[in-house]
Amino acid sequence: MRTILRVNMSDLSITKEPLPEKWANYGGRALTDALVFTEVPADADPLGPDNKLVIAPGLLGGTTAPNGGRLSIGAKSPLTGGLKESNSGGTAAHALGKMGIAAIIIEGMPEKKTCCYALRLFPDGEADLVHRHDMAGLGTYETVAVAKGIEATEDRMTEKSSFLVIGPAGEMGMKSAGIAVTDPMGYPNRFAGRGGLGAVMGSKGLKVIAIFDEGLRYVEHADKDAFNAAVKKFAAALREHPVSGTGLPTYGTNVLANIINESGGYPTRNFSSGQFEGVDGISGETMRAITLERGGNVKHGCHSGCVIQCSRYYVDKDGHYMTKGPEYESAWSLGANCGISDMDAVAELDRMCGDIGVDTIEMGATLAVYMDSGKIPFGDAEAAKAALAEVIKDNALGRALGDGAEATGKAYGVDRIPVVKHQAMPAYDPRPIQGIGVTYATSTQGADHTAGYSITSNVLAVGGTVDPLKPDGQAELSKGLQIATGMLDSLGLCIFVAFPVLDIPAAFEAIGEMVSAHTGQTWGADELMELGKEVLTYERIFNEHAGFTAADDRLPAYMYTEKLPPHDAVFTVSDEDLDSVHDFVAETAAKMGIS
Amino acid sequence: MRIQLALFASLSQYLPEADNGNRLSAHAQLIDLPDGSTVGQVIAALGLPDEPRIVFVNNRHAPESHVLQEGERLAVFPPVAGG
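One numbering rule holds for all chains: residues counted from 1, following each sequence as written. Ligands are numbered from 1 and chains lettered from A, in the order in which they are written. Thresholds applied to this predicted model are a pLDDT of at least 70 for local features of residues and 80 or more for the giving and counting of side-chain atom pairs; totals over whole chains, interfaces and linings are not thresholded and use all residues.

**What to know about the overall build of chain A**
Okay, step 1: Secondary structure elements are defined from DSSP: runs of H or I of at least 4 residues count as helices, runs of E of at least 2 residues count as strands, and each element is numbered from the N terminus. Secondary structure summary: chain A contains 24 helices and 16 strands in total.
Okay, step 2: On the principal axes, the C-alpha backbone points of chain A span a range of 55 × 50 × 50 Å.
Okay, step 3: Once C-beta atoms are placed from the backbone, each residue is buried if 20 or more other C-beta atoms lie within 10 Å of its own, exposed if 12 or fewer, and partly exposed for counts between those two. Going through the 595 residues of chain A one by one, you find that 64% of them count as buried.
Okay, step 4: For chain A, restricting intrachain contacts to residue pairs at least 6 apart in sequence, the fraction spanning at least 24 positions comes to 72%. Our contact criterion uses C-beta atoms placed from the backbone: two residues qualify when those atoms are within 7 Å.

The following block contains the structure:
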């Protein structure tokens, strides 16, 4: 029986309770959603005592399921005001899974704002809270070093432990603050970045969650042999598909830079063009060449059991670790979107974001909006670094930047702010790639590419093709992907498994077979997709309670009228199509008995 | 007829030797072709591996049967993704 660990920051009590039977098949996003939906009032102040931070490994967390170690973190978002699930790699999910913990709920808040508590979970099931005033204001890297009780070294920080930490931005309640999760080497470079969940953690007075899982074994299955057979089948499909088997491990996610630029959908200088003349400087190919020349690592997984291995480390000219190889979204946001084409500058900004503890997508979009105001020029990396450094200095500029693109645009009089539900758009312009525009507009999460990655069929010819420049078929494409993503996020599977799943029937079958063998129940395509629908239904209804309407499911007005070069594209998907994406919610809610 | 040819990721190594300043960037250069050449003929002439690929002509997806025109840009990618 999996358990819920409930940590009350008002009275510093820690209790364990069994996972309610009705949620026995929930993990990850489904469970964070169910708990937030059930326990957090929709009108709660996101940074007040009524909000709760919920941390859950997927249903397959703690197993050997390939790429099954993703972590979901949920709360009412300070950025969007809606039900947020932010998803991260790193080693914490498997560690929690092995402990039999279905979810950690962090609730209440200290009477007097105080920093900093560390929550520690031990292999024997014990947990405690310790007050560590010496961690106040520290960056994420130093926080991990202090939490381990060792000095940080440049190149190696290892132990059998996982940490979730916030940086100073989270302590200060910035809406762009994320929660860092340590990777297999102990670097806090994986992020539940989106939606300001670092600020929620900070509001609870919590700086660190330390998970020590030395000696713990993988969890048991209802049918071990069947599970192992399904694992082999799934892993074979991941290795067979050219994207997950070759492209991602060789170049990392930033291999996308050139192809999205070629498609004319690579947002440049605050979404004013779809192509960046400096893309060569920050592409995945360039990053790989630089890293190899300097002796950096160009292929590893962010958690044990990762078959795809798209992670890498970016190193400085002397070969010392700087940050993880900036992901496509980060290299874009801090690069092309700011008009910066220097990979080292992008890596420095990425490291700064990581250490301060802010979401790179939101912060890159924010700096670009700030540049658009004319306060600093596009392309000026030094000015960008100086501005970013202000975020934690407790002044008006820092507060605006720290609260994200919309706050910055409003503070500095910028008309074109690329956000939906107050959250900044990622690295695809929705005008020439309209399927992703449907996802941005309609996702419960605000503008979020991972919520329904229509880039697959729109650009990458994975899972069929849908013309990115036309409105036809985009709503249906996005809807299917949003549902499937809800399912993958609940199982704890990396969404990159979607590439083989969309193209290789055996890959999708294997997911059902793994879940069936693990739970002892029958899981086919229908059950898996129903799980995805339940996820979206929780989020959608919570958001309705919080005041969201169809008007929130739209792109910013200028994207319907201002043409984006080189295609001179505007967004043309109809409101009717956008409103059709969640047409299943009423029926699913009735089945679930929620309203 | 002269076109721009761009090859990316693992296909970059198939870019012909550049001369006369025809190299436009790390991944693109100008090449001369017989009039009426198709995308498929260019791919065959370059000796690209026989595996799935994504083809753009002037920033739009194009079939390998597309007949290239003077001044067009042909870009070819192996299967890639990320996000």
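Having seen the model, we can carry on.
**Section: helix 14 (residues 381-390) of chain A**
Residues and elements named next belong to chain A.
Okay, step 1: For helix 14, the complete set of buried residues consists of Ala-384, Ala-387 and Leu-388. Projected onto a plane normal to the axis of helix 14, the buried residues spread over an arc of 100 degrees and lie on a single side. Of the residues in helix 14, the exposed ones pointing more than 90 degrees away from the buried face are Glu-382 and Ala-386.
Okay, step 2: Of the surrounding secondary structure, the elements contacted by the buried residues of helix 14 are helix 12 (343-356), helix 13 (360-372) and helix 15 (396-402). Taken from the helix axis, the directions to the C-beta atoms give the arc we talk about.

**A few points about the interface of chain A and chain B**
Okay, step 1: On the chain B side, the residues contacting the 28 residues of chain A number 20 residues.
Okay, step 2: Of all the secondary-structure elements, those providing two or more residues to the side of chain A that touches chain B are helix 7 (242-251), helix 8 (256-263) and helix 18 (455-460) of chain A.
Okay, step 3: By residue number, the principal contributor to the side of chain A that touches chain B is helix 7 of chain A, which donates six residues.
Okay, step 4: Amino acids outside the nonpolar list (Ala, Val, Leu, Ile, Met, Phe, Trp, Tyr, Cys, Pro) and the charged list (Asp, Glu, Lys, Arg) are all regarded as polar, and Gly is one of them. Split into classes, the residues belonging to the side of chain A that touches chain B amount to 15 nonpolar, 10 polar and three charged.

**Some words on the confidence of the model for chain A**
Okay, step 1: Per residue, pLDDT measures the predictor's confidence, with a range of 0 to 100. Overall, the prediction assigns chain A a mean pLDDT of 96, with 98% of residues at 70 or greater.
Okay, step 2: Here residues 151-158 of chain A is modelled with pLDDT under 50, and outside its nearest four sequence neighbours on either side it reaches 17 contacts, counting other chains as well.

**Observations concerning the nonpolar core**
Okay, step 1: Core membership is restricted to buried Ala, Val, Leu, Ile, Met, Phe, Trp, Tyr and Cys residues, and these are joined into a nonpolar core through C-beta atoms within 7 Å. The biggest cluster of nonpolar side chains holds 207 residues, and the ones touching the most others in it are Ala-103, Ala-498 and Met-514 of chain A.
Okay, step 2: Setting aside residues up to four positions removed in sequence, Met-514 of chain A forms contacts with Leu-60, Ala-65, Phe-227, Ala-230, Val-231 and Phe-234 of chain A.

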